[in-house]
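# Geometric and topological summary
Below, each chain spelled out in residue letters.
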Amino acid sequence: MLRVAVVGADEQIRAALGSFPGVLLVATTEECDAVLNPDRYLPSRQLIHRELSAGKLGEPGLVRMHRWLGAAAKPDKSSPLLPTGLLQDLDVALWLVGRPVELVFAVERAAHGRFTQVQLGFAGAGMALIDYTDRLPAGEGYAALSVIGSAGAAYADDHQNMQLLFRGGRPQGLRTDERAAASSLMIREFAADLAAGHDLRASVADWRTVLRVAGAAQASLATREAVRLEDA
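Attention here is on the structure that accompanies the text. Here the structure is a predicted model, which is why all the values come from computation and not from measurement.

Further remarks concern the overall build of the protein chain. The helix and strand inventory of the protein chain stands at five helices and twelve strands. Over its C-alpha atoms the protein chain spans a radius of gyration of 18 Å, differing by no more than 12% from the 17 Å that the globule rule assigns to 232 residues. Along the first, second and third principal axes, the C-alpha set of the protein chain runs to 55 × 45 × 40 Å. Relative to its 232 residues, the protein chain shows a buried fraction of 41%. For the protein chain, long-range pairs separated by at least 24 residues make up 64% of all intrachain contacts whose partners lie at least 6 apart in sequence.

As structure tokens, this is what we get:
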């Protein structure tokens, strides 16, 4: 039985993946054979990763990510380290840069909601700056990603495909969501990997690195100092 953990996925995605023969969906990433992060499969993230892998942007120098959420009725307590959305963004940043993290620094304000910012320093060169907040009014949030490389840059903003809706009064902007496409791609690739008998354990190693980085961020919050990952 292949034990699979999906980070931040809704019940529909979990049901689809759990329907594959020989697959057991588990609630924790601690003891599993594969970890899937749906954010890696967002079309915008896939495109930026392909451009980086092809060398079209050169070496990544800066990854900048925002995840701003509306005030939640129940705070995200699914992880003892950091909010799940922030863990997903850490995973995407490490995936895009493709180099080990050496240094982690984090700051946070927890009054009236949560604002957390994490800065990563990578081996050789390059950095990432990621911020997360749930202080927006209840409703839709905002997410953005920018990557600056030595030979080019890329930008993805979930508000760049807003469609105007006119039905009296002020026009409304409706977001064209790319998450349905991400879910479809993730399920197709997962099915292809199963059919080909691919070893999915590399995803578990990637996620363990994410959790180590998150642990270093927690240590930085506690000490108010930068933390070397090897010391975390």
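All told, the structure shown has one cavity of 30 Å³ or more when counted by the stated rule. In this model, the largest cavity occupies a volume close to 40 Å³. In this structure, the largest cavity is lined by Asp39, Arg45, Met65, His66, Arg67, Asp89, Ala143 and Arg179. For the lining of the largest cavity, the element with the most residues is strand S4 (residues 60-70), which contributes three residues. Among the residues making up the lining of the largest cavity, the classes are represented as two nonpolar, one polar and five charged.

A sheet is described by the order of its strands in space; here three strands give the open sequence S2-S1-S3, paired in parallel fashion. The open sheet has two free edges, formed respectively by strand S2 (23-25) and strand S3 (34-36), since each of these has just one partner strand. Direction aside, the axes of adjacent strands within the sheet are offset by 30° on average. Both strand S1 (residues 2-6) and S3 contribute to a ladder of three bridges, which runs parallel. Residue pairing across strands places valine 6 opposite leucine 36, the latter belonging to S3. Most of the contacts of helix H1 (residues 11-18) go to S2, to which it runs at about 155°, and overall it touches S1, S2 and S3.

Next up on the list: the sheet that holds strand S6 (residues 115-122). Backbone hydrogen bonds hold the strands of a sheet together, and the pairing may be parallel or antiparallel. Taken in spatial order, the seven strands line up as S9-S8-S4-S7-S6-S5-S12 in an open sheet, and their pairing is mixed. Every interior strand has two partners, whereas the edge strands, strand S9 (153-157) and strand S12 (227-228), have only one. Strand direction decides the pairing type here: S6 and strand S7 (residues 127-136), joined by seven bridges, are antiparallel. Counterpart to leucine 120 in the pairing with S7 is alanine 128. On the sheet, helix H3 (residues 84-97) packs against S4, strand S5 (101-109), S6, S7 and strand S8 (142-149) and is oriented at approximately 160° with respect to S4.

As a further point, take the environment of leucine 136. Looking at where leucine 136 falls in the secondary structure, it is placed in strand S7. Classification of leucine 136 by relative accessible area gives partly exposed; the value is 27%. Expressed as a C-alpha distance, the spacing of leucine 136 and valine 118, which sit 18 residues apart in the sequence, is 19 Å. Not counting the four nearest positions on each side in its chain, leucine 136 is found in contact with Trp68, Leu69, Gly70, Ala71 and Gly141.

Note that S8 and S9 share five bridges and pair antiparallel. Counted as the bridge partner of alanine 144 is aspartate 157 from S9. Between S8 and the antiparallel strand that follows it, S9, lie three residues.

We now examine helix H2 (residues 43-53). Turning to H2, its buried residues are Ser44, Arg45, Gln46, Ile48, His49 and Leu52. For H2, the elements touching its buried residues are S4, H3, S8, S9 and helix H4 (179-196). Glycine 55 sits one or two positions beyond H2 and adopts a positive phi of about 80°.

Attention now moves to the packing of H1 against H4. It is the contact of H1 with H4, at a shortest axis distance of 11 Å, that shows an interaxial angle of 15°. Taken together, the axis directions place H1 and H4 in an arrangement best described as roughly parallel. Between H1 and H4 lies a crossing whose hand is right-handed. Facing Ile13, Ala16 and Leu17 of H1, the residues of H4 in contact are Ser183, Met186, Ile187 and Phe190. When grouped by side-chain class, the residues that make up the contact of H1 with H4 number six nonpolar, one polar and no charged.

Quick notes on the rules
Residues numbered from 1 in each chain as written. Predicted model: local features only at pLDDT ≥ 70, side-chain atom pairs only at ≥ 80, totals over all residues. Heavy atoms only, no water. Helix = DSSP H or I, 4+ residues; strand = E, 2+ residues; numbered from the N terminus. Rg over C-alpha atoms; globule rule 2.2 N^0.38 Å. Buried < 20%, exposed > 50% of the residue type's maximum accessible area, 1.4 Å probe, protein only. Contact = heavy atoms within 4.5 Å. 1 Å grid on protein atoms, 1.4 Å probe; cavity = no way out; pocket = protein on both sides within 12 Å on 5 of 7 lines; lining within 4 Å. Points joined across faces, edges and corners; volume = space filled by probe spheres on them. Nonpolar A, V, L, I, M, F, W, Y, C, P; charged D, E, K, R; others polar. Pairing = 2+ DSSP bridges. Axes fitted to C-alpha atoms, helices over the stretch in contact; angles between N-to-C directions. Parallel < 35°, antiparallel > 145°, perpendicular 65-115°, else oblique. Left-handed = near helix turned anticlockwise from the far one by under 90°.

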